[in-house]
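Structural overview
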Amino acid sequence: MSLVQSRRALLATAALLPLAGRPAEAAAATAPKRARHYYDRAAALAGDDPVLRAIVKALSPDFSVPDARATTKTVAMPETKALGPLRIFDDVAVVGTSFVQATALLTAKGIILIDAMGSPDDAANIIVPGLRAVGADPAQIKYVVVAHGHNDHFGGAQFLADRYGARVMMSRTDWDLIAAERPDHAPKHDLEIADGQRLTLGDTTVAFHHTPGHTPGTVSPIFPVHWKGRRHTAMLWGGTNPPTAIADKRTNLSSVLAFAATMRRAGVEVELNNHGGADYGLTRIEQLRAGTTGAANPFVIGRARAQRFMKVMEIMLRGRIAQDQETTPRPSPAAALPTCC
């Protein structure tokens, strides 16, 4: 072999050497990520943003946003404190407790109330006087929108329907859920919310989007709000706690991804939640009440930050799914064989 031929052979051999490691590198790159990888990514993305840090905590496996279950007729609620009613926008008021809140959209033709707390007593003693305290007439409640079929969100709905003639709205799936479970204070089956449905009352149009996961029929609305006369676009995430089953968590993840895209198209820049302990909402309410934010409204987080909020939720849900997969016992090959003979 000539010297030139030897060099060519050596170069060819050297060129092939990295290829030997590539299958292993590719396998490592495509290997399932550990849950901790996702949790760390979410925390890094959240940084020092208190709103994003709050949702990281709320979706962590060692912390759960308390929420009543439709499968229990009597639910022991966590200790709560009264929440002073407040207009968080010119045309949006929040009433409730430190545990759960109802959000009132105040339109020129009446009120759209998103969620109704946990019982008729809550409606009579918190929602009704709370609306009056912010200058709204509870008799003008035209619709009660139930974001999901757990009794801390629908418990006062029938009371408001009976007293003021309000129509109660919920997804068909969650109407079926409460019909099957028969929880206390369940409203009578009324209006069904279709995915993408729009409801217009006065000068306000609300778009409803199905975001199943927390319950099979959770709904998250997008609607206009005004702060000091300026219009903004808001969303309210309908259910935060991840469901138990891995398959349901995957559904939840799909909802987060789809709703994030919907938010982007709609130009959402305001983030709201019906459990203000999950998203730093309670603190932001008190900041507004105290006037410590000046002319700014802390619920107006901007489009980019709203997308980061959804991205953090996505990553945390991927972590929860990965953790379930890590802790689920895998059947042995022998155990997987069918019994025979």
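Residues numbered from 1 in each chain as written. Predicted model: local features only at pLDDT ≥ 70, side-chain atom pairs only at ≥ 80, totals over all residues. Heavy atoms only, no water.

Our focus in this paragraph is helix 4 (residues 120–133). The first and last C-alpha atoms of helix 4 sit 19 Å apart over 14 residues, in line with the 20 Å expected at 1.5 Å per residue. Among the residues of helix 4, those classed as buried are Ala123, Ile127, Val128, Gly130 and Leu131. If you follow the buried residues of helix 4, they end up packed against strand 1 (82–89), strand 2 (92–97), strand 3 (101–107), strand 4 (110–114), strand 5 (141–145) and helix 6 (157–164). In the segment just after helix 4, Gly135 is the residue with positive phi, at about 85°. (Helix = DSSP H or I, 4+ residues; strand = E, 2+ residues; numbered from the N terminus. Expected span 1.5 Å × (residues − 1). Buried < 20%, exposed > 50% of the residue type's maximum accessible area, 1.4 Å probe, protein only. Contact = heavy atoms within 4.5 Å.)

This brings us to the packing of helix 3 (residues 50–58) against helix 10 (residues 303–327). In contact at an axis separation of 10 Å, helix 3 and helix 10 are set at 20° when each is read in the N-to-C sense. With respect to their mutual orientation, helix 3 and helix 10 come out roughly parallel. When the axes of helix 3 and helix 10 are compared, the crossing they make is right-handed. Taking contact as the criterion, the partners of Val51, Leu52, Ile55 and Val56 in helix 3 are, on helix 10, Arg305, Arg308, Phe309, Val312, Met313 and Met316. Looking at the contact of helix 3 with helix 10 residue by residue, the class counts come to eight nonpolar, no polar and two charged. (Axes fitted to C-alpha atoms, helices over the stretch in contact; angles between N-to-C directions. Parallel < 35°, antiparallel > 145°, perpendicular 65-115°, else oblique. Left-handed = near helix turned anticlockwise from the far one by under 90°. Nonpolar A, V, L, I, M, F, W, Y, C, P; charged D, E, K, R; others polar.)

This next bit is on the packing of aromatic side chains. To describe a pair of aromatic rings, one takes the distance between the centres and the angle between the planes. On inspection of all chains with the given rule, the structure shows two aromatic pairs. When the centroid spacing of 6.2 Å and the interplanar angle of 85° are considered together, the rings of Phe89 and Trp227 count as edge-to-face. Here the residue Phe89 occupies a position in strand 1, and Trp227 occupies one in strand 10 (residues 219–227), the gap between them amounting to 138 residues. Comparing Phe89 with Trp227 shows no difference in burial state: the two are buried. Relative to Phe259, the ring of Trp237 lies with its centre 5.5 Å away and its plane at 45°, an arrangement referred to as tilted. One end of the pair, Trp237, is in strand 11 (residues 230–237); the other, Phe259, is in helix 8 (residues 246–266), with 22 residues separating them in the sequence. Of the two residues, Trp237 and Phe259, both sit in the buried class. (Phe/Tyr/Trp six-rings, centres within 6.5 Å; stacked < 30°, edge-to-face > 60°.)

Time to look at the side chain of Ser60. Its location among the elements puts Ser60 in the loop between helix 3 and strand 1. By relative accessible area, which is 15% here, Ser60 ends up buried.

Attention shifts here to the pattern of salt bridges. Pairing is possible between side chains of opposite charge, provided their charged atoms come close. Applying the stated criterion to the full structure yields 11 salt bridges. Arg284 is the partner of Glu271 in a salt bridge, and the nearest nitrogen-oxygen pair spans 2.6 Å. Of the two residues, Glu271 sits in strand 12 (residues 270–273) while Arg284 sits in helix 9 (residues 281–290), which places them 13 residues apart along the sequence. For the pair formed by Glu271 and Arg284, the shared burial category is buried. Ionic contacts of the salt-bridge type, sharing partners, join the residues Glu271, Asp279 and Arg284 into one network. (Salt bridge = Lys/Arg side-chain N within 4 Å of Asp/Glu carboxyl O.)

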